[in-house]
Amino acid sequence: MASGEEHVYATLLLSDSYLPGALVLAHSLRDAGTTKKLVVLVTLDTVSAESITQLKTVYDHVLPVPRICNEKPANLYLMNRADLHSAFTKINLWKQTQFSKIVYIDADVVAYRAPDELFDIAEPFAAAPDIGWPDLFNSGVMVLTPNLGDFYAMLAMAERGISFDGADQGLLNMHFKDNYHRLSFAYNVTPSAHYQYIPAYRHFQSSINMVHFIGPNKPWFAGRHAKHDDSPFDDMVGRWWAVYDRHYRAQEQSSGQPQGSSSTYVQYFTKGEFRPKPTLMQQPPPADSAPEAINFPSTHYEMSQDAAPFVPPPRYPSPPKNMWYEVPTAPPAPPAEPPKPVFPWEGQQPTPTRTFASVVPDFVTTPQDTGPWVEHGVGGSVESGLHVESHPPEGDSTETGTEAGSSVATLPSQLTPTEASTVQAEPWDAFQLSNAWDEVPEINRYVEGLQKHKRGKSLQGISSPATTGPRYRRDPNKSVFKLTDFPSAVERPSLPVTPAPIARPSFWGQEQPDARELELSLPLPSAEGVPMQSDWDPEVQLQKLARQQYEALLLKLEASANVDNVVEELGHSIPKRSLPFGSESIRSPSFISQNVPISTLQRAVQSTSSADSTFQLTLPHDAPRGTPKEVPRQHGGLLESPMAKPRSKAPE
Ligand SMILES: O=c1ccn([C@@H]2O[C@H](COP(=O)(O)OP(=O)(O)O[C@H]3O[C@H](CO)[C@@H](O)[C@H](O)[C@H]3O)[C@@H](O)[C@H]2O)c(=O)[nH]1
Ligand SMILES: [Mn+2]
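Calculation criteria
- Residues numbered from 1 in each chain as written.
- Chains lettered and ligands numbered in written order.
- Predicted model: local features only at pLDDT ≥ 70, side-chain atom pairs only at ≥ 80, totals over all residues.
- Heavy atoms only, no water.
- Phe/Tyr/Trp six-rings, centres within 6.5 Å; stacked < 30°, edge-to-face > 60°.
- Helix = DSSP H or I, 4+ residues; strand = E, 2+ residues; numbered from the N terminus.
- Buried < 20%, exposed > 50% of the residue type's maximum accessible area, 1.4 Å probe, protein only.
- Lys NZ or Arg CZ within 6 Å of the ring centre and 35° of its normal.
- Donors = N, O, S within 2.8 Å, 3.2 Å for Na, K, Ca; no water.
- Pairing = 2+ DSSP bridges.
- Core = buried A, V, L, I, M, F, W, Y, C linked by side-chain atoms within 4.5 Å.
- Contact = heavy atoms within 4.5 Å.

Undergrad: Explain the packing of aromatic side chains to me, using residue names and the numbers behind them.
TA: The tally for this structure, following the rule as stated, stands at 21 aromatic pairs. Relative to F137, the ring of F125 has its centre 5.1 Å away and its plane inclined at 70°; by these criteria the two rings are edge-to-face. With a gap of 12 residues between them, F125 in strand 6 (residues 125–129) and F137 in strand 7 (residues 137–144) connect regions that are remote in the sequence. No difference in accessibility class separates F125 from F137, as the two residues are buried. Clustering of aromatic rings is evident, with ring pairs tying together Y18, W220, F221, W240, W241, Y244 and Y248. The ring of F119 has K36 lying over it, and the distance from NZ or CZ to the ring centre is 4.9 Å. The ring of Y112 has R239 sitting right over it, with the charged end atom 3.7 Å from the ring centre.

Given below as structure tokens:
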């Protein structure tokens, strides 16, 4: 390396986002006329090739360095700068021993002038005070002599995360402590948006060498239009933008800055500066232009302008001759053998275990049928697809029926064939009327369960199966309990729609019903001795009850020689309870004094024990009306107060 390159300005680029800063810094130094070389340290894993290309346009050397990451970044979070996780990379400066002196400058610095005199500092390390804690130095501008001693010492600290702020400034201050040459603040002016010391700024303004935009808000992050109250900070930010504009600001259309130029790439990382030109339209569409869809391609068809009349061709081609369909004369025969099993489970089908009642068309009417009915004499058959009830085998004793209980469309058996055929022709008769709930097994099972308690003896008690007609034929294997039924065709004057409850044969004195039928259709048996409702006169019955009681009492009296004992017993039968205050003298109309002589009672009972349906206990006038045994009064203090007077005396 030539001796002229022993002194270099150096900066650091850890990310593409700081590219505008690094470029502006280099330009500011160049524009200020520095004779020193410019070096930038880059971490190749986090900086793009395009950025490096950009750096090479202004930097003399782009030096790749290993990124040193803080593995214990807790302190970075304390100052809310997690983005500085790799700031330890800065210590690679001391490893660049190919340079005898390095003036290091952060990428967020703009130089007002080239401070080449810094290379003349003899001390191995120099830095300016930090505005946040002036006993410390700020690590944004440093004059250093690379040496491996310092490097490895600080590398060891970096690897152990030793830094009070988690980044390089904390580490460097811990390493150098007070062993540094203090530079003037004018080499590292760190303004803020809230800069207070404006007189000092005015006083030293002309001596400022470099301005360092510390903190997270860099000029290229905030954009050129960020305003800061006309403070000195604005002045300094303006200086940064002046350099930027000189080298990277988008030129006007006419000046012909080519699309995709280096400026565009830098603009991309500078807030508000990236304005890609539209590729198709040179001019942006006016705000009130038509929708974009107006530009979609469309096909346009014109009406024929040919005025010559249409002349049909002499003949059209004939249709093909072999286009016809042969109607099959017979339905296709079913396959002689079932198709071969395709799936494994088809060959292993289990034999059915449940059998269902066979459906038999029924035109049968037994010879002993006296009723004029057949059950489904409507030509119902499987083939015709009509619903046909299944039947028990002939002679099954469950045959029974009542006219009202018929559930099927019926046909008088005496009809002549012609008449029958006429009736048969009635489509209504072809259908059996039944309710869905009569056919639902779940409902049937439920009803059967309800009826279970009536089973047993009652079944044997009712015998004599019906011989009057097969009105009800039930497959014994099929439990059907009809809850409702429709009248037959004869019974109904017109088409009924409302199902009627099943007729109760015992009430109507009709045919002797089947035991099971009775069981199912009868209401709950009435209790023995319960009279008809119409015969029941409650008043008479009450009188009767009273008479019975007193007759029983009389019997007791007669049986007892000691009348006094009976009176005593009577007395005991009245509960001795305290009565509510004020009600002691109230007597029930039916009150009988315990002091009434038994002879009086006897007389009273005898006088009314005739066959008269009415009975009244009448006491003779001379019977003394005693008072009940004295009950201790319960006068409470409250009740005796004037506010709570006892109620007026009850009438005698
Ligand atoms: O995403 C990043 C972050 C940082 N840098 C480089 O690292 C330097 C330090 O980061 P910066 O944002 O400038 O830090 P400051 O806001 O200046 O914070 C202070 O604290 C930092 C950590 O201790 C020190 O490095 C700074 O010198 C000091 O001024 C930058 O200038 C760049 O050179 C990048 O390239 N990309
Ligand atoms: Mn900085």
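On we go.
Undergrad: Any details on the coordination of the manganese ion (ligand 2)? Residues and values, ideally.
TA: At 2.2 to 2.3 Å from the manganese ion (ligand 2) lie its protein donor atoms, namely D106 (OD), D108 (OD), D108 (OD) and H212 (NE2). In terms of primary sequence, the donors binding the manganese ion (ligand 2) are separated according to D-x1-D-x103-H. Here D106 is found in the loop between strand 4 (101–105) and strand 5 (109–111), whereas its partner H212 is found in strand 9 (residues 210–212), with 106 residues between them in sequence.

Undergrad: Tell me about the pairing of strand 4, residues and numbers included.
TA: Taken across its 5 residues, strand 4 has 5 buried, putting it largely inside the fold. Alternating residues of strand 4 divide into K101, V103 and I105 and I102 and Y104, and every residue in both groups is buried. Here 4 bridges tie strand 4 to strand 7, and the two strands are oriented antiparallel to one another. In the strand pairing of strand 7, Y104 is matched with M142.

Undergrad: Break down the nonpolar core for me, citing the residues and quoting the values.
TA: Core analysis: the largest hydrophobic core is formed by 56 residues, its most contacted members being L13, L55, Y59, I105 and L183. Per-element accounting of this core gives the leading share, 8 residues, to helix 8 (residues 232–248). In this structure L13 touches Y18, L19, A22, V40, L41, V42, T43, V47 and L55, once residues within four positions along its chain are discounted. Grouped together as the second largest cluster of nonpolar side chains are 29 residues, L41, L93, Y104 and A127 included.

Functional significance is not addressed by these values, which are geometric in nature.
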